[in-house]
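Residue-level listing of the chains:
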Amino acid sequence: MNADTDSDRRWLAFETEAMPHVDRLFRHAMWLARNRAEAEDLVQETLVQALQSFHRFTPGTNCRAWLVAILQHVRANRQRKQGRTVIDSNVDERVTNVVPFVPPIPDHVTDEDMLLALQQIPPHHQEVILLCDVEDMTYKEIAAALEVPIGTVMSRLHRGRELLRTELARRGAGPAAMGQGSGTR
Amino acid sequence: MQCRDIRELADSFLSEQLLVETNHELLRHLETCPDCRVDIAGRRAIRDQLRAAFARADDLRPRPEFTVELLARLRPSQSAIVIPEPAMEISRRSVLQSWWALAAGVALAAGGGLFVRHSNSRSRLALLAREASGDHQNCAVKFNLRERPIQLEEAGRRFGAPYAALATFEPPVVDGSLDMLERHSCVYQGRRYGHVVFRYRGALTSLLVTDGTPPATPELEPSDAGPAVASLPAGRFLGFIVADLDRPSVLRLAQILTEPLSQHLA
């Protein structure tokens, strides 16, 4: 009876903590995978692993960040197995060279403009922007999820945001600038 | 701090990753520099819109039945799969195969599914109500928590906006006797709560808000010999009223608070 009770409690704790994040987790997976079946499989495997290691989750901490980190690991492992790892260690340096100035921040941007612009920037930068700006993860959590140093997270975020603004401006999403002051460099 | 410094720190400022002192210095600069204020506001607007675009994008939305299917696959096998010892690790393929077999059994029982779901949801609420009652007694009554409570504003930054919203929630005056005593966010048995403590009809009363599926309407929960507990919807969060009062009074208070609380947390 105790085993059943423990098992029930464990399940209820998992269901209450983790399941409310399925929608956000799926959106993240869908963005990364670009394929509904693959995204569903990613989320399922993420929750399988989360359930297996739920005893390691610290209650009261950010459960969504914990789940997203597992999802990133699951995806990275799959890519490694499939030989699809993108080795692009110099991307930050190269990007520095192709961002000559910080463009004016567009005034009116539609959701579609925003997501298309995000899609145009390098995947490493997309990933960090999503984890930081959409998933609200700390630099430390992002560094752990992506297995990179915190400094890399910061530089990717900085370049990524600049690239996003450049892309938004390039798409003509409204040249009227809210941030004309950004010309100061 | 100069404008150039602000540009360098803008990303960390937006992500709330600056040290408190640096944050204060930056804010002091913003008070006197309209250009930097505009720049930061623009960056924040892009971030907010990205967040909103992501949340609204239809093509990123899961199928409506996806979560239910996931639950059906996860639930039956959970007792078999939680095995902490690494030596007993089971290959993912074999685990998934056994899960699918179990899930098939669940599918066969789908006719009774609605009843089972309702019953699960009731037992979950009853369990959470017991924990809420424990938080009331150990936090509001005995000040006996392991972890120190934190400000609701800080909880809002770290764990979600509803905690911060609770900081400004003003319960309507009920029967002329509702005195506010304390607000904070606390953790009891691993669960985080937004906790508002007030005195109602002379009794110490807790309004607790936590992550969880809310009931459709306020309901009394089983409370054995302890304080009376009623669950209530708090927007899309789960709320509880706990007090050493008669059960009808606690239910009535929950009914009165439901609408203003839900509106405030929406």
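The following refers to the structure shown. (Residues numbered from 1 in each chain as written. Chains lettered and ligands numbered in written order. Predicted model: local features only at pLDDT ≥ 70, side-chain atom pairs only at ≥ 80, totals over all residues. Heavy atoms only, no water.)

## Re the overall build of chain A
We apply this condition: By the criteria applied, helices consist of DSSP H or I runs no shorter than four residues and strands consist of E runs no shorter than two, each listed in order from the N terminus. To sort residues, take the accessible area from a 1.4 Å probe on protein chains only and compare it with the maximum for the residue type: under 20% means buried, over 50% means exposed, and anything in between is partly exposed. Note on definitions: a residue-residue contact is assigned when non-hydrogen atoms from the two residues lie within 4.5 Å. Reported accessibility uses the Shrake-Rupley method at a 1.4 Å probe radius. Residues are deemed covered only where the shown protein chains occlude them.
When helices and strands are tallied, chain A shows 9 helices and 0 strands. Traced from its N-terminal end to its C-terminal end, chain A shows the element sequence α-α-α-α-α-α-α-α-α. Relative to its full complement of 185 residues, chain A shows a buried share of 54%. Looking at chain A alone, contacts between residues at least 24 apart form 75% of all its contacts between residues at least 6 apart. Carbon together with sulfur atoms contributes 52% to the accessible area of chain A, which is approximately 8,400 Å² in total.

## Remarks on the interface of chain A and chain B
The following threshold applies: Accessible area, probed at 1.4 Å, shrinks when two parts are joined; the buried area is that loss added up over both. We define a salt bridge as a contact between a side-chain nitrogen of Lys or Arg and a carboxyl oxygen of Asp or Glu at a distance within 4 Å. Two N or O atoms count as a polar contact when they lie within 3.5 Å, although within protein this holds only if one can serve as hydrogen donor and the other as acceptor, and sequence-adjacent residues are included solely when both atoms are side-chain atoms. In this count, Pro and Cys sit with the nonpolar residues alongside Ala, Val, Leu, Ile, Met, Phe, Trp and Tyr, while Asp, Glu, Lys and Arg are called charged and the others, Gly among them, polar.
Between chain A and chain B, the contact holds 62 residues from the first and 58 residues from the second. Around 5,600 Å² of area is buried between chain A and chain B when both sides are counted, 61% of it from carbon and sulfur atoms. When the buried area of chain A at its contact with chain B is split by residue, Trp11(A), Arg27(A) and Gln44(A) rank highest and sum to 13% of it. Between the two partners, chain A and chain B, sit 4 salt bridges. Linking Arg161(A) and Asp11(B) is a salt bridge whose minimum nitrogen-to-oxygen distance equals 2.7 Å. Here chain A is connected to chain B by 14 residue pairs in polar contact (both at pLDDT 80 or more). Of all the secondary-structure elements, those providing two or more residues to the side of chain A that touches chain B are α1 (2-18), α2 (22-33), α3 (36-52), α6 (111-120), α7 (123-134) and α9 (150-170) of chain A. Here the residues of the side of chain A that touches chain B sort into 29 nonpolar, 16 polar and 17 charged.

## Some points on the packing of aromatic side chains
For clarity, the cut-off: Any Phe, Tyr or Trp ring, taking Trp's six-membered ring, that has another such ring centre within 6.5 Å forms a pair; planes under 30 degrees apart are called stacked, those over 60 apart edge-to-face, and the others tilted. The rule for a charge over a ring is simple: NZ of Lys or CZ of Arg within 6 Å of the ring centre, and within 35 degrees of the ring normal.
Under the definition given, this model contains 7 aromatic pairs over all chains. On the numbers, 5.5 Å between centres and 55° between planes, the contact of Phe26(A) with Phe66(B) is tilted. Of this pair, Phe26(A) sits in helix α2 while Phe66(B) sits in helix α4 (residues 66-74), placing the two residues on different chains. The pair formed by Phe26(A) and Phe66(B) is uniform in burial state, with each residue classed as buried. Between Phe54(A) and Phe57(A) the ring centres are 5.7 Å apart and the planes differ by 10°, which places this aromatic pair in the stacked class. Each member of the pair, Phe54(A) as well as Phe57(A), is classed as buried. Taken together, the ring pairs in this structure connect Trp11(A), Phe14(A), Phe54(A), Phe57(A) and Trp66(A) into an aromatic cluster. The positively charged end of Arg34(A) is found above the aromatic ring belonging to Trp31(A), 4.0 Å away from the centroid.

## Observations concerning the environment of Val250(B)
Residue and element names in this part refer to chain B. Note that Val-250 resides in helix α10 (residues 247-265). Considering only alpha carbons, one finds Val-250 and Val-229, 21 residues apart in sequence, at a separation of 6.9 Å. Contacts of Val-250, omitting those with residues within four sequence positions, involve Ala-228, Val-229, Ala-230, Ile-241, Ala-243 and Leu-245.

## Quick look at helix α4 (residues 63-81) of chain A
Residues and elements named next belong to chain A. What counts here: To estimate how far a helix should reach, multiply one less than its number of residues by 1.5 Å.
With 19 residues, α4 extends 27 Å between its outermost C-alpha atoms, agreeing within 8% with the 27 Å of an ideal straight helix rising 1.5 Å per residue. Where burial is concerned, most of α4 is hidden: 14 out of the 19 residues are buried. Capping of α4 at its N-terminal end is provided by Asn-62; its side-chain oxygen lies 3.2 Å from the backbone amide nitrogen of Arg-64.

## Focus: the environment of Arg44(B)
Residues and elements named next belong to chain B. Relative to the helices and strands, Arg-44 resides in helix α3 (residues 34-56). The spatial distance from the C-alpha of Arg-44 to the C-alpha of Ala-10 is 9.7 Å, given a sequence separation of 34 residues. When residues no more than four places from it in sequence are discounted, the contact partners of Arg-44 are Phe-13 and Leu-14.

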